[in-house]
Amino acid sequence: MSAPEASRASRRGRVAALCAALCAALFAVLAALVAARHGSPYPLDGSLHRWSVRHRPAVAVTLARGVTATGTGPVPYLCAATAGLIAGWGRDTRGRLLSAAGALGFLLLAQGLRYAVLYGVARPRPPVAERVTHASGFSFPSGHTATSALVAGLLAWAVWRAASPTAARLWWALFACWAVTVGLTRVYLGVHWPTDVLGGWLYALTWLTAALAVEAWLGRGRAAAAGPSASRTTPPGA
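**Comments concerning the overall build of the protein**
Counting its secondary structure elements, the protein contains nine helices and zero strands. Element order for the protein, N to C, with α for helix and β for strand: α-α-α-α-α-α-α-α-α. Among the 238 residues that make up the protein, the fraction classed as buried is 41%. For the protein, long-range pairs separated by at least 24 residues make up 79% of all intrachain contacts whose partners lie at least 6 apart in sequence. When the accessible surface of the protein is totalled, it reaches about 12600 Å², and 71% of it is carbon and sulfur.

**Here's the deal with a nonpolar patch on the surface**
Taken together, the side chains of Trp160, Leu170, Trp171, Trp172 and Leu174 present a nonpolar region at the surface, about 530 Å² in accessible area. Tallying contributions element by element places helix H7 (residues 165–188) first for the nonpolar patch, with four residues. Mapped onto the secondary structure, tryptophan 160 falls in helix H6 (residues 143–162).

**Side note on the packing of helix H4 (residues 74–87) against helix H5 (residues 93–121)**
Taken N-terminus to C-terminus, the directions of H4 and H5 make an angle of 140°; their axes are 7 Å apart at the nearest point. Taken together, the axes of H4 and H5 lie oblique to each other. Viewed along their axes, H4 and H5 form a crossing whose handedness is right-handed. Mapping the contact onto sequence places Pro76, Tyr77, Ala80, Ala81, Gly84, Leu85 and Ala87 in H4 and Arg96, Ser99, Ala100, Ala103, Leu104, Leu107, Leu108 and Gln111 in H5. Per-class residue counts for the contact of H4 with H5 are eleven nonpolar, three polar and one charged.

**Here we look at the confidence of the model for the protein**
Confidence along the protein averages 90 in pLDDT terms, with 88% of residues attaining 70 or more. Least confident of the elements in the protein is helix H9 (residues 230–233), whose mean pLDDT is 40; most confident is helix H3 (residues 58–69), at 97.

**Some remarks on the nonpolar core**
Ranked by internal contacts, the top residues of the largest apolar core, which has 33 residues, are Phe140, Leu150 and Leu154. Listing elements by their share of this core, those giving two or more residues are helix H1 (3–36), H4, H5, H6, H7 and helix H8 (194–226). For this core, the element with the most residues is H6, which contributes ten residues. With near-sequence residues (within four places) excluded, phenylalanine 140 lies in contact with Phe27, Leu30, Ala31, Val34, Val117, Leu118, Val121, Arg123, Thr195, Asp196 and Gly199.

**Some words on the pattern of salt bridges**
Within the structure shown, the criterion is met by three salt bridges. As a salt-bridge pair, aspartate 45 and arginine 123 come within 3.1 Å of each other at their nearest N and O atoms. Taken together, the residues span a long stretch of sequence, with aspartate 45 in helix H2 (residues 43–54) and arginine 123 in the loop between H5 and H6 at a distance of 78 residues. No difference in accessibility class separates aspartate 45 from arginine 123, as the two residues are buried. The residue aspartate 196 makes a salt bridge to arginine 123 at a minimum N-O spacing of 2.7 Å. Taken as a pair, aspartate 196 in helix H8 and arginine 123 in the loop between H5 and H6 lie far apart in primary sequence, 73 residues in all. Judged by its relative accessible area of 0%, aspartate 196 is buried. When salt bridges with common partners are traced through the structure, they connect Asp45, Arg123 and Asp196 into a single cluster.

Criteria and thresholds
Residues numbered from 1 in each chain as written. Predicted model: local features only at pLDDT ≥ 70, side-chain atom pairs only at ≥ 80, totals over all residues. Heavy atoms only, no water. Helix = DSSP H or I, 4+ residues; strand = E, 2+ residues; numbered from the N terminus. Buried < 20%, exposed > 50% of the residue type's maximum accessible area, 1.4 Å probe, protein only. Contact = heavy atoms within 4.5 Å. Areas by Shrake-Rupley, 256 points an atom, 1.4 Å probe, with all protein chains shown as cover. Patch = residues over 30% accessible without salt bridge, like charges linked within 9 Å, V, L, I, M, F, W, Y side chains within 5 Å. Salt bridge = Lys/Arg side-chain N within 4 Å of Asp/Glu carboxyl O. Axes fitted to C-alpha atoms, helices over the stretch in contact; angles between N-to-C directions. Parallel < 35°, antiparallel > 145°, perpendicular 65-115°, else oblique. Left-handed = near helix turned anticlockwise from the far one by under 90°. Nonpolar A, V, L, I, M, F, W, Y, C, P; charged D, E, K, R; others polar. pLDDT = per-residue confidence, 0-100. Core = buried A, V, L, I, M, F, W, Y, C linked by side-chain atoms within 4.5 Å.

As structure tokens, then:
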């Protein structure tokens, strides 16, 4: 890594760290506001929930159920492992497997701490009679929302490492649309309040931006340890 590249990596790391701190602060404030009302919905929660209940044609509900199903179960974990394999492309088999394990480990760690928040806040879900899909447990933050956003971030990281910039930007847009849509279906199907979904997005963004900061700093540290000769011996694009 040349000096200009190291400088750019350092700037990326600082920006990512600031974004992570901001997202974490916003998430903490939102969690405190939710807990302060003992889980009772805010006026915006109630109005958006009522709109969803009144606008549910059968076709839209079926589509929403199909999309929301991709935010849980084996799909996100298979996608995380795939992201790791893609990011490790060009390495040997051991390197690719380690990359896949790292992506899975990241997702599992984030999920484990999300459950701690979930049970700590203990927010009730919307009324059962107004739901049109199965849901159990507490409501804040939305698990489907956070999981799909985390996986979308992992997939975006993978294509950033493996694809051309133009192709990567296209894939990023698709991944982002998928994650946003999964979150919106949780409100539409009546199993989460809108602030649960907002909390899921903020939670995922905290983890993803923190991971970007750590990756940038680790890359800078490896380049410094390799010394100035690394920029002469490392082939372009490695």
